[in-house]
Amino acid sequence: MHYTYCPHCGNKLISKEIGDEGLIPYCTKCDIPLWDTFTTSIIAAVVNEKNEIALLKQNYVSETKYVLVAGIMKSGESAEETAIREIEEEIGQKVNSLKFIKTYPYDKKEMLMIGFEANVTKAELNLSKEVDAAEWVELNKALALLREGSIGWQLVNKVIEKFA
């Protein structure tokens, strides 16, 4: 989010030189800089002991390609807590271990996605209302089912690299 008005007092912001940050939106009434903000979310490659990955169909995202578990961090929640919660909510899997892989800026939605590999013991996929379908897919076949170059594709590619 790019600020034009102060979210605290409603005053129109000016541009002010702040250290080596350059010109930053600044509220003269509250005497504070207001850096651009973004939403923080997680994205997870959920892999079981048989080297299968859970791929989801969410028609509001894509009607032709699969996606990974993803979700917005709630206030007061760590990225790890968010990943564990979203995996359980979206596909009903209990996480055995969680490994940070990489962060992915998603400019289109002013979002930062924190990528994880989550290891689970294979169980039936119990879907939330926001997931239209999901299935376990052999890890080496997953890239072809994701949109090439997408954040999900990049994350799965990183997970596959560790097995090579």
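Just so you know, these numbers come straight off a predicted model, no measurement behind them.

Visitor: Explanation requested: the pairing of strand β1 (residues 14-17) in the structure shown.
Guide: Consecutive residues of a regular strand have side chains that alternate between opposite faces of the sheet. As paired strands, β1 and strand β2 (residues 23-27) are joined by 4 bridges and run antiparallel to one another. The partner of E17 across the bridge, within β2, is L23. Where β1 folds back onto β2 in an antiparallel hairpin, the turn is made up of 5 residues, including G19, whose phi is positive at roughly 50°.

Visitor: For this particular structure, what's the right way to read the nonpolar core?
Guide: Within soluble globular proteins, side chains that are nonpolar generally end up buried alongside one another. Counting 19 residues, the largest nonpolar core has I53, L55, L68 and V156 as its most contacted members. When residues of this core are traced back to their parent elements, those giving at least two are β4 (39-48), β5 (52-57), β8 (111-120) and α2 (151-163). At 5 residues, the largest contribution of residues to this core is made by α2. If sequence neighbours within four positions are ignored, L55 has contacts with Y66, V67, L68, A133, A134, E135, V137, A142, L145 and L146. Of all hydrophobic cores here, the second largest spans 18 residues; its members include I91, I114, V120 and V131.

Visitor: I keep staring at the side chain of E77 and nothing clicks. Help me out?
Guide: Among the structural elements, E77 can be located in the loop between β6 (69-72) and α1 (79-91). Here the side chain of E77 touches R85 through a polar contact of 2.7 Å, side chain to side chain. Apart from the residues lying within four places of it in its own chain, the contact partners of E77 are I72, T82 and R85.

Visitor: Is there a simple way to think about the pairing of β4 in this case?
Guide: Summarising burial for β4: 8 of the 10 residues are buried, a large majority. Where β4 meets β8, 10 bridges bridge the pair, whose relative direction is parallel. Bridge pairing links V47 to N119 in β8. With 4 bridges connecting them, β4 and β6 associate as antiparallel partners. Bridge pairing links S41 to I72 in β6.

Visitor: Explanation requested: the side chain of E90 in the structure shown.
Guide: Summarising the element assignment, E90 is placed in helix α1. Here E90 is buried and forms no salt bridge, its nearest opposite-charge partner R85 lying at an N-O distance of 7.4 Å. What E90 contacts, discounting residues up to four positions off in sequence, is L56, Q58, V69, A70, N126, L127, S128, E130 and V131.

Visitor: For this particular structure, what's the right way to read the sheet that holds β2?
Guide: Pairing between sheet strands relies on hydrogen bonds along the backbone, with the strands arranged either parallel or antiparallel. Spatially, the 3 strands line up as an open sheet ordered β1-β2-β3, and their pairing is antiparallel. Either end of the sheet is taken by a strand with one partner, and the two such strands are β1 and β3 (32-33).

Visitor: I keep staring at the environment of E89 and nothing clicks. Help me out?
Guide: Among the secondary structure elements, E89 is positioned in helix α1. Taking relative accessible area as the criterion, E89 reaches 39% and is therefore assigned partly exposed.

Visitor: Can you help me understand the pattern of salt bridges in this one?
Guide: Think of it this way: side chains of opposite charge can pair up when their charged atoms draw near. Across all of its chains, the model carries 7 salt bridges by this definition. As a salt-bridge pair, R85 and E77 come within 2.7 Å of each other at their nearest N and O atoms. Given the relative accessible area of 16%, R85 is considered buried. With relative accessibility at 15%, the residue E77 sits in the buried group. As a salt-bridge pair, E88 and K94 come within 3.1 Å of each other at their nearest N and O atoms. For E88, a relative accessible area of 38% puts it in the partly exposed group. Among the charged side chains, a network of salt bridges with common partners joins E77, R85, E86 and E89.

Cut-offs and rules
Residues numbered from 1 in each chain as written. Predicted model: local features only at pLDDT ≥ 70, side-chain atom pairs only at ≥ 80, totals over all residues. Heavy atoms only, no water. Pairing = 2+ DSSP bridges. Helix = DSSP H or I, 4+ residues; strand = E, 2+ residues; numbered from the N terminus. Core = buried A, V, L, I, M, F, W, Y, C linked by side-chain atoms within 4.5 Å. Buried < 20%, exposed > 50% of the residue type's maximum accessible area, 1.4 Å probe, protein only. Contact = heavy atoms within 4.5 Å. Polar contact = N/O pair within 3.5 Å; in protein donor to acceptor, adjacent residues only side chain to side chain. Lys, Arg positive; Asp, Glu negative; His and termini not counted. Salt bridge = Lys/Arg side-chain N within 4 Å of Asp/Glu carboxyl O.

So far we have only geometry, and geometry alone does not tell us how the molecule works.
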